[in-house]
Amino acid sequence: MAASDSTSDRDPSQRIRREQVRILFHNLYNGWVASPLMAALILLLLWEQVSRPALVTWFLINLLVALLRLVSNVWFKRERADFDCRKWERIFMAGLVASALIWGSAAVVIFPAESVPHQAFLLLIVSGLSAGTTMAFPALLSAPILFMIASTVPLGVRFFLIGDALHSAIGFTAFTFIGLGIATAKNSHALLLNSVKWRFENLDLVADLQAARERQARDIIELRKAKEEAEEATKLKDKFVSLVVHDLKSPLATITGHLYLMLNDKGDPIGGAHEKHLRAVLDRAEGLSTMVEELLDINMLQTGKMLLTRVFLDARMMVQGVVESLEHLAMEKGIALENNIPPGTRIYADHNLAFQVFQNIISNAIKFTTAGDRVTVIVPEGKENTITVRDTGAGIAPNILRDIFRHEIRTTTLGTAGERGTGLGLPLCYDIMQSHGGTLTVESEEGRGSAFFATFPPAAPSILIVDDDEAILAVLAMSLKAMNPRLTIRKAHNGVEALAAIRSAAPDVIISDILMPEMDGMELLETVRKEHITRSTPFIVITNFGDVERRETALRMGANDFIAKPLVAEDYMPRIGRYIR
């Protein structure tokens, strides 16, 4: 095999050349069939017109060449994919030229000199074979051109040599046909060559895409494996943190308990420097206990173990509870602490977690303010879902401000009265707000105070009304929509329907009659209170006006309130409004 042909199929020109040779041999069957058939037809038509021995000899030679070409085709098909292009191209061209010369020899060996019609018929057969070659073998431009020249030119010359006008016209026609045939061959060759090039380009593109796809699949497998390893490592880390935190809680509680006992022991009081040291130790122990609790909360939030129980809260009342729990700290430092949230402001949040957020933020504000400063809790104008805690204290340094919500960077500093913090409170608050689908942001200027903005996602309350009386359902739905147009109201006619609705999408408030078919209101209430997702969902029962016993039973079972039949809007609207306004 030639060195040039031993190159890899990655060489574009070599790939194209091999494909051209494959196409030539693929179409060779057509030429092998056409040439013997036409020779047999010539044999029959010229049997009476020319020398029979010459005709038979010519026919047999034609048939032999055709058989040799057939053998070459069979032989080619057994070749390997990286066959020698030049060798097989030469073999093909040798067979084609031999066939063309045999047909060209017809101008001398079997030319019917006495019959013009037979002469024209012979030229027609040869021209037809030339045209067929142009169509069958455009893969190699020289193939159809050589066949046309070798087969048709001798006949054209023979017609010109006869000399009369008719034969000269036929000769001229033959040469014109050769010119047109060559032009057609060039066009066909160009089209086929472009087609082969585009085919290989597409195959390369497909191969590249397949390779990219395989690489992507491998990358996905590796990423999945890395993700699983990371998740496993995270689980181990979370488990370790959880175990350490739980193991620390008990001894810390024991330490702080004993310290309290020692400091408050009236029978054997501790005084002087010892008391001062013990109080410092107690302060540190309490700080460490707070840190442990915050670490536990962060771990539970990040691992999804802390489930949110969201309800519609009265934001003013919730923040007022925080203010009252911290008021003594503000008074000790001479700081004004104000809750200016408008009455009736409602947020959709987990009460305990929201309380923890504002307790952290407000206690931080107190920590970094001094006598005469002010801490105010407000709702910014036009932002009904945002609660802002603003102070006029020391503010936060820019280098601390950018990392204030990050767990991995400790940003805690001493308060204006030397108060210590864990550095985990604000990152915990940030996580809590994110778990609600909300945000926690801060603006601050050193020497002029800070403002923390806790924004809760807007939510339209969803109410499920359960009653087998369609009129009651219609009246309640109409009244509730008038109270709050954003309400989503769903209806059920008994406890079974209600449970199906609750399990498909838990409502924010359930209003249910007691006496109903299939499952009554008491059974529904009992089931709702057993399921974690609805354990704290406000549940209002509908009772008859004088049915005090059922009303009290429902309240003992966990109902939040009741409304009485016959329904009076002035009575039931305020009761329901506490949960949805």
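As a reminder, the structure under discussion sits directly above these lines.
Each chain carries its own residue numbering, running from 1 in the direction its sequence is written. Local features in this predicted model are restricted to residues whose pLDDT is 70 or higher, and side-chain atom pairs enter the listing and the counts only when it is 80 or higher, whereas totals over whole chains, interfaces and linings include all residues. Values shown for side chains rest on all heavy atoms present in the structure; no hydrogens or waters enter the calculation.

Caption draft 1: Main features of the sheet that holds strand β7 (residues 449-455). Paired strands, in this sense, are two strands between which DSSP finds at least two bridges. Comment: elements are numbered from the N terminus, with helices defined as DSSP H or I runs of at least four residues and strands as E runs of at least two. Here we have five strands laid out as an open sheet, ordered β2-β4-β5-β7-β6, and mixed in their pairing. At either margin of the open sheet sits one strand with a lone partner, and together these are β2 (336-339) and β6 (439-445). Adjacent strand axes in the sheet meet at a mean angle of 10 degrees when their direction is disregarded. With four bridges joining them, β2 and strand β4 (residues 374-378) adopt parallel strand pairing. Of the residues in β4, the one forming a bridge with Asn 339 is Val 377. Against the sheet, helix α11 (residues 351-367) touches β2, β4, β5 (386-391), β6 and β7, its axis set at about 15 degrees to β5. Pairs of residues are marked as contacts when any of their non-hydrogen atoms sit within 4.5 Å. Axes, fitted as lines to C-alpha atoms, cover a helix only where it is in contact. Angles between the N-to-C directions of the axes lie from 0 to 180 degrees. Sheet strands in contact with helix α13 (residues 425-435) are β6 and β7, and its direction is about 140 degrees off that of β6.

Caption draft 2: Region of the structure containing a nonpolar patch on the surface. Residues forming no salt bridge and having over 30% relative accessible area are the ones grouped into patches, like charges within 9 Å of each other and nonpolar side chains (Val, Leu, Ile, Met, Phe, Trp, Tyr) within 5 Å. Each accessible area is a Shrake-Rupley estimate made with a 1.4 Å probe; only the visible protein chains count as cover when residues are assessed. Note on definitions: salt bridges are taken to be side-chain nitrogens of Lys or Arg within 4 Å of carboxyl oxygens of Asp or Glu. Together, Trp 47, Val 56, Leu 60, Leu 63 and Leu 67 make up an exposed nonpolar region whose accessible area comes to about 380 Å². Mapped onto the fold, Leu 67 is located in helix α3 (residues 52-77). The partly exposed category is assigned to Leu 67, whose relative accessible area is 39%. In this scheme, a residue with accessible area under 20% of its type's maximum is buried, one over 50% is exposed, and one in between is partly exposed, where area comes from a 1.4 Å probe on protein chains only.

Caption draft 3: The arrangement of the pattern of salt bridges in detail. For the structure shown, the criterion picks out twelve salt bridges. With a closest N to O distance of 3.1 Å, Arg 52 and Glu 48 form a salt bridge. Among the residues examined, Glu 48 registers a relative accessible area of 61% and is labelled exposed. Residues Asp 467 and Lys 565 are paired through a salt bridge, measuring 3.7 Å at the closest nitrogen-oxygen approach. Taken together, the residues Asp 467 in the loop between β8 (462-466) and α14 (470-483) and Lys 565 in strand β12 (residues 561-565) connect sequence positions 98 residues apart. One continuous salt-bridge network, built from bridges that share partners, spans Asp 467, Asp 513 and Lys 565.

Caption draft 4: Spotlight on α13. Most of α13 is tucked away, with eight of its eleven residues classed as buried. Considered for burial, the residues of α13 that qualify are Gly 425, Leu 426, Pro 427, Leu 428, Cys 429, Asp 431, Ile 432 and Met 433. Following α13 by one or two positions, Gly 437 has its phi on the positive side, about 85 degrees.

Caption draft 5: Local environment of the nonpolar core. By size, the foremost hydrophobic cluster in this structure holds 48 residues, and its most contacted members are Ile 42, Trp 58, Phe 92, Trp 103, Ile 110 and Phe 137. Going through the elements one at a time, α1 (12-26), α2 (28-45), α3, α4 (85-104), α5 (106-109), α6 (116-136), α7 (142-162) and α8 (165-263) are the ones with two or more residues in this core. In terms of residues, this core owes the most to one element, α4, which gives eight residues. Once residues lying within four places of it in the same chain are set aside, the contact partners of Phe 137 are Leu 24, Asn 27, Leu 28, Arg 69, Phe 92, Leu 96, Ala 143 and Pro 144. Counting 42 residues, the second-largest nonpolar core is a separate cluster that includes Ile 347, Val 389, Leu 428 and Val 442. For this analysis, a nonpolar core means a set of buried residues of the types Ala, Val, Leu, Ile, Met, Phe, Trp, Tyr and Cys, connected via side-chain atoms within 4.5 Å.

Caption draft 6: Structural view of the environment of Thr 455. Positionally, Thr 455 belongs in strand β7. Accessibility expressed as a relative area gives 25% for Thr 455, which makes it partly exposed. Sequence spacing of Thr 455 and Thr 388 is 67 residues, and the spatial spacing of their C-alpha atoms is 8.5 Å. Throughout this description, a polar contact denotes any pair of N or O atoms lying within 3.5 Å of each other; where both atoms belong to protein, one of them has to be capable of donating a hydrogen while the other can accept it, and for residues adjacent in sequence the pair is counted only when both atoms sit in side chains. Polar contacts involving the side chain of Thr 455 include one to the side chain of Thr 386, which spans 2.8 Å.

Caption draft 7: A look at the packing of helix α15 (residues 495-504) against helix α16 (residues 521-530). For the pair α15 and α16, the least separation of the axes is 9 Å and the interaxial angle reads 25 degrees. Classified by the angle their axes make, α15 and α16 are roughly parallel. Helix-helix and strand crossings are classified by hand; for α15 and α16 the assignment is right-handed. Facing α15, whose interface residues are Gly 495, Ala 498, Leu 499, Ile 502 and Arg 503, α16 presents Leu 524, Thr 527 and Val 528. An angle below 35 degrees is treated as roughly parallel, one above 145 as roughly antiparallel, one from 65 to 115 as roughly perpendicular, and anything else as oblique. Here a crossing is called left-handed whenever its near helix is offset anticlockwise from the far helix by less than a right angle, and right-handed whenever the offset is clockwise.

Caption draft 8: Structural detail: the packing of aromatic side chains. When two rings of Phe, Tyr or Trp (its six-membered ring) have centres within 6.5 Å they constitute a pair, described as stacked for plane angles under 30 degrees, edge-to-face for angles over 60, and tilted for the intermediate range. Evaluated as defined, the whole model comprises eleven aromatic pairs. On the basis of an interplanar angle of 10 degrees and a centroid distance of 4.4 Å, the ring pair of Phe 25 and Phe 76 is categorised as stacked. Of this pair, Phe 25 sits in helix α1 while Phe 76 sits in helix α3; the two residues are 51 residues apart in sequence, bridging distant segments of the chain. Assessed through its relative accessible area of 0%, Phe 25 is described here as buried. By relative accessible area, Phe 76 is classed as buried at 9%. Both rings, one in Phe 25 and one in Phe 92, keep their centres 5.6 Å apart while their planes meet at 65 degrees; by these two values the pair is edge-to-face.

Caption draft 9: Representation of the environment of Asp 391 within the structure. Looking at the secondary structure, you find Asp 391 in strand β5. Setting aside chain neighbours within four positions, we find Asp 391 in contact with Ala 365, Thr 369, Arg 374, Val 375, Arg 448, Gly 449 and Ser 450.

Caption draft 10: Layout of the sheet that holds β12. Strand order in the open sheet formed by five strands is β9-β8-β10-β11-β12, and the pairing between neighbours is parallel. Two strands in the sheet have a free side with no partner beyond their single neighbour: β9 (488-492) and β12. Taken pair by pair, the neighbouring strands of this sheet meet at an average axis angle of 20 degrees, ignoring direction. When β8 meets β9, the two strands line up parallel, connected through five bridges. For Ser 462, the partnering residue across the bridge sits in β9 and is Thr 488. α16 contacts β8, β10 (509-513) and β11 (539-544) of the sheet and is inclined by roughly 165 degrees relative to β11.

Caption draft 11: Examining helix α18 (residues 569-580) more closely. Here α18 is twelve residues long and its end C-alpha atoms lie 15 Å apart, about the 16 Å a rise of 1.5 Å per residue gives. Those residues of α18 lying buried are Tyr 572, Met 573, Ile 576, Gly 577, Tyr 579 and Ile 580. Each buried residue of α18 sits inside an arc of 150 degrees when the element is viewed along its axis, so together they form one side. In this scheme, a helix's expected span is set at 1.5 Å multiplied by one less than its residue total. In this description, one arc is meant: the one made by directions from the helix axis to the C-beta atoms.

Caption draft 12: Representation of unusual backbone geometry in the model. Between Lys 565 and the following residue, Pro 566, the backbone shows a cis peptide bond with an omega angle of -5 degrees. Along the chain, the position of Pro 566 falls in the loop between β12 and α18. With phi around 70 degrees, Glu 518 is a residue other than glycine that occupies positive phi space. When you line up the elements, Glu 518 lands in the loop between β10 and α16.

Caption draft 13: Summary view of the packing of helix α10 (residues 315-333) against α11. Close contact between α10 and α11 brings their axes to 9 Å; oriented N to C, the two are set at 20 degrees. Taken together, α10 and α11 sit at an angle that is classed as roughly parallel. For the pair α10 and α11, the crossing hand works out as right-handed. Only His 351, Ala 354, Phe 355, Phe 358, Gln 359, Ile 362, Ser 363, Ile 366 and Lys 367 of α11 make contact with α10, whose side of the interface consists of Met 318, Val 319, Gly 321, Val 322, Ser 325, Leu 326, Leu 329, Ala 330 and Lys 333. Of the residues in the contact of α10 with α11, the class split is eleven nonpolar, five polar and two charged. For this classification, the nonpolar set comprises Ala, Val, Leu, Ile, Met, Phe, Trp, Tyr, Cys and Pro, the charged set comprises Asp, Glu, Lys and Arg, and every other residue, Gly included, is treated as polar.

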